[in-house]
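Structural overview
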Amino acid sequence: KKYKPGAQNGPLSTACFRNPTDLCELPGNRGIVVSDSGNSILRLIRLQGDGCVSEFGGNGWLKPRGVCTYQGGLLVCDTGHHRIRSLTVSGEGARVFAGCGIKGFSDGRCDSAKFNSPSAVCVLEDGSVVVADTGNNAIRA
């Protein structure tokens with residue numbers, strides 16, 4: 001079945017997304033977080049109960065893409081803001097994890113590093129965070 005793009009919440013069978021780019025299961029079977037890049041929001045698909053889709057993680061995202069679990073929470077590529085943000089598994093407390101928000105390329109402390117449209121993030125077994133810095137054609141750790 002082909003779905004029409006949109007931003008409709010509700011039962012998964014009728015919910016609409018616009019350019020979903022990544023997804024990640026929340027710990028504890030709480031649901032699946034979806035980066036709904038075209039709508040510049042994160043969405044939650046509940047796995048228990050009704051399987052409904054709802055907004056997740058508040059406002060302020062700009063074309064979010066990659067998402068992964070990290071230290072009991074989540075990391076999300078806030079691609080349009082050139083940052084990596086972290087938030088709790090309940091979708092609260094979104095804050096900048098890495099990137100100053102200025103498009104560019106520079107290493108440094110998490111709050112001064114520069115990215116150019118980061119699109120994927122993962123956490124290695126040793127806890128290191130690796131980012132696909134798409135606009136810079138680089139993999140950064």
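One structure accompanies this document, and this report is about it. Since the structure is predicted, the reported quantities are computational estimates derived from the model, not experimental observations. Residue indices follow the written sequence of each chain, beginning from 1 at its first position. Per-residue local features of the predicted model are confined to residues with pLDDT of at least 70, and side-chain atom pairs are confined, for both listing and counting, to 80 or more; whole-chain, interface and lining totals are unaffected and use all residues. Computation of side-chain values: all heavy atoms of the structure, hydrogens and water removed.

Section: the environment of Val 130
Heads up, the condition is: Working definition: helices are DSSP H or I runs of at least four residues, strands are E runs of at least two. Numbering for both runs from the N terminus.
Counting through the fold element by element, Val 130 comes out in strand S11 (residues 129-133). It is 8.3 Å that separates the C-alpha atoms of Val 130 and Ala 120, two residues lying 10 residues apart in sequence.

Some thoughts on the side chain of Asp 133
Using the following cut-off: Whether a residue is buried, partly exposed or exposed follows from its accessible area with a 1.4 Å probe, protein chains only, as a fraction of its type maximum: under 20%, in between, or over 50%, in that order. In protein, a polar contact requires one atom able to donate a hydrogen and another able to accept it; more generally it is a pair of N or O atoms within 3.5 Å, and residues adjacent in sequence count only if both atoms are side-chain atoms. Two residues form a contact once any of their heavy atoms are found within 4.5 Å.
Within the fold, Asp 133 resides in strand S11. Classification of Asp 133 by relative accessible area gives buried; the value is 0%. Polar contacts involving the side chain of Asp 133 include one to the side chain of Arg 140, which spans 2.6 Å. Apart from the residues within four sequence positions on either side, Asp 133 is in contact with Phe 105, Lys 114, Phe 115, Asn 116, Ser 117, Pro 118, Ala 138 and Arg 140.

Examining the packing of aromatic side chains
The condition that has to hold: Pairing of aromatic rings covers Phe, Tyr and Trp, the last through its six-membered ring, and needs centres within 6.5 Å; plane angles under 30 degrees mean stacked, over 60 mean edge-to-face, and all others mean tilted. Think of it as a cone above the ring: NZ of Lys or CZ of Arg counts as a charge over the ring if it is within 6 Å of the ring centre and within 35 degrees of the ring normal.
This model, assessed by the stated rule, comprises 1 aromatic pair. Taken together, a centroid distance of 5.2 Å and an interplanar angle of 75° make the contact between Tyr 70 and Phe 97 edge-to-face. Of this pair, Tyr 70 sits in strand S6 (residues 64-70) while Phe 97 sits in strand S9 (residues 95-98); the two residues are 27 residues apart in sequence, bridging distant segments of the chain. In this structure, Tyr 70 and Phe 97 share a single accessibility class: buried. Cation over ring: Arg 43 sits above Phe 17, and NZ or CZ is 4.7 Å from the ring centre. Over the aromatic face of Trp 61 sits the side chain of Arg 85, whose NZ or CZ is 4.0 Å from the ring centroid.

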